[in-house]
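Coordinates in review
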Amino acid sequence: MADGLATTLNGLLNELSGLAIPADLSLWQLALAAWVLVCFGVFYWYVFGRRSPFSVDSLRRKEPPEMNPSKRDEVLKKAFSEGRVPKGLDAVVIGSGVGGLTVAALLAKVGKKVLVLEQHEQAGGYCHSYTEKGFQFDIGLNYVGQLHDNSLDRVAFDQITEGQLDFVNLGEPFDTIYIGQGQTQRKYTIYTGKTEMEAHLKKQFPDDTEAIEKFFQVMKICARKTHHLACLKLIPRWLALFLLKTGIADLLSSVYHYSSMSHTAWLDQLTSNKDLHTIFSYFFYGVPPKDSSLYVNALLMHHYKRGAYYPKGGASEIPYHISNTIRKYGGEVLVSAPVRRILLDKNGAACGVVVGNSDSEVEVKAPIVISNCGLFNTFKNLLPPQISMKHDIQERLHRVKPGKGSFMVFCGFDATAEQLDIGPTNIRLYKDNDMNKMMDRYFNMYKEEAPDNVPMMLVTFPTAKDPTAKLRCPGKSCMTLVTMVNYEWFEEWKDMPVTKRGDQYLQYKTRFAKHMFDWACLHFPKLKEKLVFQEIYTPLSNSHFLGAYQGSMYLQHNLDLFDPVFMAKNRCDTPVKNLYLTGQDVFSCGISGALHGGLLCASSVLNHILYWDLLFLKKNLKKAKAKQDAQQAKKKLH
């Protein structure tokens, strides 16, 4: 019997790897070998045996950019109607931001029939662009990092767009930071590069080189160990909580410690230089550094270490190409489709959505419902009260807060970038180098004080970043000004019609815009005389057009959100069976955060960790590129 078992196992192993088992093993040793073989087979099937959305064949030759607005509208502005809903849906996705489009594309590529529903008239969420009077503006995207050749994010984007996205490197410096005002104002520049970013900072802070080295060491750990935090959302919840509460997780990686550590508390141990504190915290997202995670701030700076990029053609290129992929594989993306509620079956499981308004509602049935409209909107607005009051749902809601509202001023100029002396570099302005006091003072101001006391602002010129802008907007330039505000400052107008909020609302938001524009003109004096267009977006604009909860782009990125125990609980699957979350609220803010939210969600829906497939594809692409480079070098020698 033992000889027969050994012969059988040898046959299997020879098929798999060429290994051989000695014929003189005892029965229990053979049984153990059989058990190991079965485990290996199950693991192999789990990782490689199922259909993957990732393959080298997904990429195709880049097509010329589509410049015809009507052709683009056919992709991005295809309006909802009952007749356009595909038959036999496997999943419906609420919201067409990057997180929703990513999970939809991944599911479509493995044969699932997916429908994406967007309440706005254009797909893309915070990754869409709009055109007004010949000017094109991006609603949320300013720049993206980690898109160098063969990076994980670049490979992922190539897979869900079939290699059709083109990104422009912004060059050096990609960010310039001004701290202070008047004669005491200081200017710092941020460079990309594996060693150049650190070296350039040391030149600007020669007395703090040791502090900079320590910060970059933590940056490296946070970047390399981010997958440990992502794993908390992929492994069984009980296992993740066991590893965290027993302290085993902390023994495996220091990233869990950094994730729950106050950024300011750590910086205070590092250096007393407040300007350097500001540099290490300058990616403002509405949370004072004392209340934010060291991990998040370190990761944000590392995100641009290998380059800062902008999509050629503008932000809408991203939803444009992902939507094409979804449709290619049998799915659909429909806009002007506000989802009113999530349908539940008799067992309380999600089974579809209701689309439309009180006058005309359409039920769209699907066995899987995926929400990309945010944690608050999903749990508070789309589920019946008796379901949203469940303990597990309330636990999530009580641990998080909406982020600060976004306030944006879109400016158009009848002049080229050269005429205005502007460029692709983003400008960050701070009136003070004590960000904690500055932000606390600002967000605690009375409503009437705030417009004239904006303490921080981002200035960005999308047309100067994009070489195709000269074709799309000839002789014109665009500027976007961004700051954060309290939703409560605008709340009194929230129930009024969007175009009829009255003179007081107009005057109030114009005060913010004037202060911000005048501040930008101090750095770019030629702007003022060439201004021909200006539009102001408040938190109420974000709520109306994009369904943003209290006008915020994402959850408040405070220490509670990045507490490892809460990260293990705040996952894509929800207490409602067959209802999943995707996008920024699942992991972190930004385009990359939304992309990975989509990857995590697709992994949960398919019960298959897609990161394995993505990493193996990345490795194979790297090998292929090295082989191609070697062949080209060989040809040159001959």
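Report follows, based on the coordinates. Here the structure is a predicted model, which is why all the values come from computation and not from measurement.

1. Things to note about the packing of aromatic side chains
- Applying the stated criterion across every chain, the model contains 35 aromatic pairs.
- When the ring of tyrosine 537 is compared with that of phenylalanine 545, the centres are 5.9 Å apart and the planes differ by 15 degrees; the resulting orientation is stacked.
- Pairing tryptophan 612 with phenylalanine 616 gives two aromatic rings, centres 6.5 Å apart and planes at 25 degrees, and the pair type is stacked. Of this pair, tryptophan 612 and phenylalanine 616 both sit in helix H28 (residues 610-637), four residues apart, which is roughly one turn of the helix.
- A relative accessible area of 34% means that tryptophan 612 is categorised as partly exposed.
- We classify phenylalanine 616 as partly exposed; its relative accessible area is 34%.
- Of the aromatic side chains, those joined through ring pairs into one cluster are Phe407, Tyr442, Phe443, Trp489, Phe490, Trp493, Tyr505, Tyr508 and Phe512.
- The positively charged end of lysine 465 is found above the aromatic ring belonging to tyrosine 143, 5.6 Å away from the centroid.
- When the ring centre of tyrosine 505 is taken as origin, the NZ or CZ atom of arginine 501, which lies over that ring, is 5.4 Å away.

2. Remarks on unusual backbone geometry
- Following glutamate 172, the chain continues into proline 173 via a peptide bond in cis, with omega recorded as -15 degrees.
- With respect to the secondary-structure elements, proline 173 resides in the loop between strand E6 (167-169) and strand E7 (175-179).
- You will see that glutamate 162, though not glycine, has its phi angle at about 60 degrees, which is positive.
- Along the chain, the position of glutamate 162 falls in the loop between helix H5 (152-161) and E6.
- The phi angle at glutamine 550 is positive, at roughly 55 degrees, despite the residue not being glycine.
- For glutamine 550, the position within the fold is in the loop between helix H25 (539-546) and helix H26 (564-569).
- On the basis of relative accessibility, which here comes to 28%, the residue glutamine 550 falls in the partly exposed class.

3. A closer look at a positive patch on the surface
- A surface patch of positive charge is lined by Lys194, Lys220, Arg224, Lys225, Arg306 and Lys622.
- The class for lysine 220 is partly exposed, based on a relative accessible area of 43%.

Calculation notes
- Residues numbered from 1 in each chain as written.
- Predicted model: local features only at pLDDT ≥ 70, side-chain atom pairs only at ≥ 80, totals over all residues.
- Heavy atoms only, no water.
- Phe/Tyr/Trp six-rings, centres within 6.5 Å; stacked < 30°, edge-to-face > 60°.
- Helix = DSSP H or I, 4+ residues; strand = E, 2+ residues; numbered from the N terminus.
- Buried < 20%, exposed > 50% of the residue type's maximum accessible area, 1.4 Å probe, protein only.
- Lys NZ or Arg CZ within 6 Å of the ring centre and 35° of its normal.
- Patch = residues over 30% accessible without salt bridge, like charges linked within 9 Å, V, L, I, M, F, W, Y side chains within 5 Å.
- Areas by Shrake-Rupley, 256 points an atom, 1.4 Å probe, with all protein chains shown as cover.
- Salt bridge = Lys/Arg side-chain N within 4 Å of Asp/Glu carboxyl O.
- Lys, Arg positive; Asp, Glu negative; His and termini not counted.
- Charge placed at Lys NZ, Arg CZ, Asp CG, Glu CD.

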